[in-house]
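# Notes for the structure review
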Amino acid sequence: MPTRPLVTRYEDDLRLFPDRWHKVGLALGAALLLGFPFAAGASWLTAGNHALIAIVGAVGLMILTGFAGQISLGHAAFLAIGGFTTAVLGERWQLPFWLCLPAAGAVATAIGLATGLFALRLRGLYLAIVTLGLLYLVQHTLDAYPALSGTAGEKQTPMYVSFGDTPEGMRDIYEKMAYGPLILDWDQKLYGIFVAIALAAAWTARNLTRSNAGRAMMAVRDHDLAAATLGVSPVRAKLIAFGVSSFYAGVAGGMFALEQRTITVEYFQLPVSVEYIAMIVLGGIGSVWGAVAGAIAFVFLAKLMQTLGPSLPYLRSLPTGLQTAVLFSVLVIAVLVIEPLGLYGIWLRIKRYFVAWPFRY
Amino acid sequence: MTDILTLTIAGLSLGAMYALVALGFSVIYRASQVFNFAHGELLGIGGFSMTSLVEAGLPWPAALAVVMAITGAIAAVIERAVVRPMIARPVFVTIILTLFVALLLRAIALIIWGVQPRALADPFDEAALSLAGAEVPYKTLAQIAIAVLAVGGFFTLLRRTRLGIGMRATSTDQEVALALGIPVGRILGATWFLSGMLAGLAGVFAAMKNPLFDQQSTLIIAFRAFPAVIVGGLTSPSGTVIAGFLLGLTEIFAPVYLSPHLGSFGRNLQDIFPYVVMILFLVVRPYGLLGQRDVERL
């Protein structure tokens, strides 16, 4: 039976893939990831790309909420900052996308740290209200300066691959192109790039949990006074969490802008922040795995619910956006009351069943 | 001069709304340590049920009382059904729950009343009082008066009655209060009920403010009231009320005297002005107007 190998050294405890079954899972996951863009139809591929964007954003929020125990209602603001930074850098200076995305993250981090510096000074969840203010502030600023947000509230986001690319030269990037034996269309190319970013995001976050900074965040989440007594600075830990989380959100916003090609200020509002909270609750607060699973489940469930919503009584009379929101609200409330660890908790139970088999526990 | 008078009264009536919302929000925070993000939805429900009751022919004061009872009951139900089972779970989980309860409440209100904006008939019509050359609608004066009465009544209840003493004891230390024989559960329910009543009243005011109102417009008022909680000091109900009135005043004065100097950033400044004030406060005086400095006790 696949029981856990005997841990005798700290190195064993720290390994990312401690046993054979993790490696089998990894191989299966890799096969699924590689096969998906060729097996899925156009609309599912788009959903897949959205899921990858959501993974990056949700992992960011998980670091803040799941690890450091702070609530942010301003995740949409950082997505907006990232998105519009990418758009402005691309349109104004024709910078390649692989430079725009980290820049988007960096700008979001800078603004996040500036806000967090005074929002996180106090004990308690001040961040929830302050980030709500930040969300309105960012929207107001973007609306006030069309140089940032584009004319008529719409901003084009060009995607350049290297320095010196011109808008004319890059037109065919959006078409089907042959790369050696592979013929890829736009969504498939984007998928490849996004998979790499999402994997990097999940991996770095996973490593963060094993680092000093990550453990400090969790100590502060569980008991800030105890953590402070042990020499962990709660303000510092929360600030690092907020900064890192903003970076992820900025990158996710940049990815969203590249995927959509045209972004509007109106999109980045409170409901988007709430969606991301729904994702991490659904997946299970407190683990990177949960953020990834929650993001994927959210995007694909949302697609299902859009078809389900109109056929339900009462819900029919609501606007489409709210129909999905209601279904997710019910789901999230149920998860928090019945299975607080979400999908991750369900997975743990299944795993425990097999690990302990033939005994009950 | 007349300008300033008109603006002051407009600011006070706006501030009255903020004070009511923020007071309810802060009282719940004191009692249950929860940011109740469903609080804003109660405004919309209050305004809408008021239109329905008035259309059904109920006299205005009776309708107001029924509305406040309805929103109070909703708040108490939220406490009983959602917040109390979450005791001993991390606080942020409860706050997340209130966010989604808010979404559900919004959906329920939309199902009952639809998406069309509605108008609330009130007994004050368009009549206005001439005061030093300024036209002051009776409606506005009534709002300020009712709000002051409600807030005053609330504080009297808090200071002078058995229930109020129980509420203060519960918010100081739930376990000690329980050990002293105070029915903490019932007190928490009553706290949420009172807070919901204040929200319902604010909702009716919000509905009176414009000839037509919808859920979005009342919700925006609630969201702009939240900063008052931090400006006033998270743990201080009286500070919250003062901050609510101050924010209302500054929000009315800012577009007139400040916006012209800010270029395109000044357009619609009132939409975000409470939050700007809040951020300034967090930088300069993070514990708020009357809040206590955090003292750690182990």
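Residues numbered from 1 in each chain as written. Chains lettered and ligands numbered in written order. Predicted model: local features only at pLDDT ≥ 70, side-chain atom pairs only at ≥ 80, totals over all residues.

## A look at the overall build of chain A
Along the backbone of chain A there are 15 helices and four strands. Computed over the C-alpha atoms, the radius of gyration of chain A is 21 Å, within 12% of the 21 Å expected from 2.2 N^0.38 for a compact globule of 361 residues. Across its three principal directions, the C-alpha atoms of chain A cover 65 × 55 × 50 Å. Going through the 361 residues of chain A one by one, you find that 46% of them count as buried. Taking contacts inside chain A between residues at least 6 apart in sequence as the whole, the part at least 24 apart equals 75%. (Helix = DSSP H or I, 4+ residues; strand = E, 2+ residues; numbered from the N terminus. Rg over C-alpha atoms; globule rule 2.2 N^0.38 Å. Buried ≥ 20, exposed ≤ 12 C-beta atoms within 10 Å, placed from the backbone. Contact = placed C-beta atoms within 7 Å.)

## Overview of the overall build of chain B
Regarding its fold elements, chain B presents eleven helices and two strands. Going from the N terminus to the C terminus, chain B shows its helices and strands as α-α-α-α-β-β-α-α-α-α-α-α-α. Relative to the compact-globule value of 19 Å for 298 residues, chain B shows a C-alpha radius of gyration of 19 Å, a close match. For chain B, the spread of C-alpha atoms along the three principal axes comes to 60 × 50 × 35 Å. Sorting the 298 residues of chain B into buried and exposed places 48% on the buried side.

## Points about the interface of chain A and chain B
Listed as interface residues are 37 residues of chain A and, on the opposing side, 36 residues of chain B. Elements represented by at least two residues in the side of chain A that touches chain B include exactly α5 (97-119), α6 (126-144), α12 (270-283) and α14 (320-338) of chain A. The dominant element in the side of chain A that touches chain B, judged by the number of residues it contributes, is α6(A), at ten residues. Here the side of chain A that touches chain B is built from residues that sort into 28 nonpolar, seven polar and two charged. (Nonpolar A, V, L, I, M, F, W, Y, C, P; charged D, E, K, R; others polar.)

## Some details on the pairing of strand β1 (residues 128-131) of chain B
Relative to strand β2 (residues 134-137) of chain B, β1(B) runs antiparallel, the two being bridged by four bridges. Looking at the pairing, B:Ser130 lines up with B:Glu135 of β2(B). (Pairing = 2+ DSSP bridges.)

## Re the environment of B:Gly40
All names here are of chain B. Along the polypeptide, Gly 40 turns up in helix α2 (residues 39-55). Gly 40 sits in the buried class, given 26 other C-beta atoms within 10 Å. Excluding anything up to four places from it in sequence, Gly 40 contacts Ala 102, Leu 219, Ala 222 and Phe 223.

## A word on the packing of α2(B) against helix α4 (residues 91-113) of chain B
Residues and elements named next belong to chain B. Close contact between α2 and α4 brings their axes to 9 Å; oriented N to C, the two are set at 15°. Judged by the angle between their axes, α2 and α4 are roughly parallel. Crossing hand, α2 versus α4: left-handed. Contacts from Gly 40, Glu 41, Gly 44, Ile 45 and Phe 48 in α2 reach Ala 102, Leu 105, Arg 106, Ala 109 and Trp 113 in α4. Its residues placed into classes, the contact of α2 with α4 shows six nonpolar, two polar and two charged. (Axes fitted to C-alpha atoms, helices over the stretch in contact; angles between N-to-C directions. Parallel < 35°, antiparallel > 145°, perpendicular 65-115°, else oblique. Left-handed = near helix turned anticlockwise from the far one by under 90°.)

## Regarding the environment of A:Leu331
The residue A:Leu331 is located in helix α14 in this model. Once the C-alpha coordinates of A:Leu331 and A:Val281 are considered, the two residues, 50 residues apart in sequence, prove to be 9.7 Å apart.

## A word on the nonpolar core
In terms of nonpolar packing, the biggest core is built from 204 residues, with A:Ile55, A:Ala58, A:Val59, A:Ile63, A:Ala295 and B:Val21 touching the most fellow members. Ranked by residues supplied to this core, first place goes to helix α1 (residues 2-32) of chain B with 16 residues. Apart from the residues within four sequence positions on either side, A:Ile63 is in contact with A:Ala68, A:Ala205, A:Leu208, A:Ala241, A:Val244, A:Ser245 and A:Tyr248. (Core = buried A, V, L, I, M, F, W, Y, C linked by C-beta atoms within 7 Å.)

## As for helix α6 (residues 162-172) of chain B
Residue and element names in this part refer to chain B. Turning to α6, its buried residues are Gly 166, Met 167, Thr 170 and Ser 171. Considered in projection along α6, the buried side chains sweep an arc of 125° and stay on one side of the axis. Exposed residues pointing more than 90 degrees away from the buried face of α6 are listed as Arg 162 and Thr 172. (Arc of directions from axis to C-beta.)

## A look at helix α3 (residues 60-83) of chain B
Residue and element names in this part refer to chain B. Look at α3: 33 Å from first C-alpha to last across 24 residues, which is about the 34 Å you get at 1.5 Å a residue. Among all positions in α3, only Ala 63, Val 67, Met 68, Thr 71, Gly 72, Ile 74, Ala 75, Ala 76, Ile 78, Glu 79, Val 82 and Val 83 are buried. Elements in contact with the buried residues of α3: α1, α2, α4 and α8 (184-209). (Expected span 1.5 Å × (residues − 1).)

## A short note on the packing of α2(B) against helix α9 (residues 215-232) of chain B
Residue and element names in this part refer to chain B. The contact between α2 and α9 brings their axes to 8 Å, and the two run at 140°. Classified by the angle their axes make, α2 and α9 are oblique. As for how α2 packs across α9, the hand of that crossing is right-handed. Two secondary-structure elements touch here, α2 through His 39, Gly 40, Glu 41, Leu 43, Gly 44 and Gly 47 and α9 through Gln 215, Thr 218, Leu 219, Ile 221, Ala 222 and Phe 223.

## Topic: the confidence of the model for chain A
Of all residues in chain A, 96% attain a pLDDT of 70 or more, and the chain-wide mean is 85. Taken element by element, chain A is modelled with least confidence in helix α1 (residues 10-14) of chain A, mean pLDDT 71, and with most confidence in helix α11 (residues 234-260) of chain A, mean pLDDT 94. (pLDDT = per-residue confidence, 0-100.)

## What about the confidence of the model for chain B?
Put simply, chain B has an average pLDDT of 86, and 97% of its residues get 70 or more. This prediction of the complex comes with two scores: 0.89 for pTM and 0.86 for ipTM.

## A closer look at the environment of A:Ala47
All names here are of chain A. By the element assignment, Ala 47 lies in helix α3 (residues 42-67). Spatially, the C-alpha atom of Ala 47 lies 28 Å from that of Gly 243, the residues being 196 residues apart in sequence. Among residues more than four places away in sequence, those in contact with Ala 47 are Val 299, Phe 300 and Lys 303.

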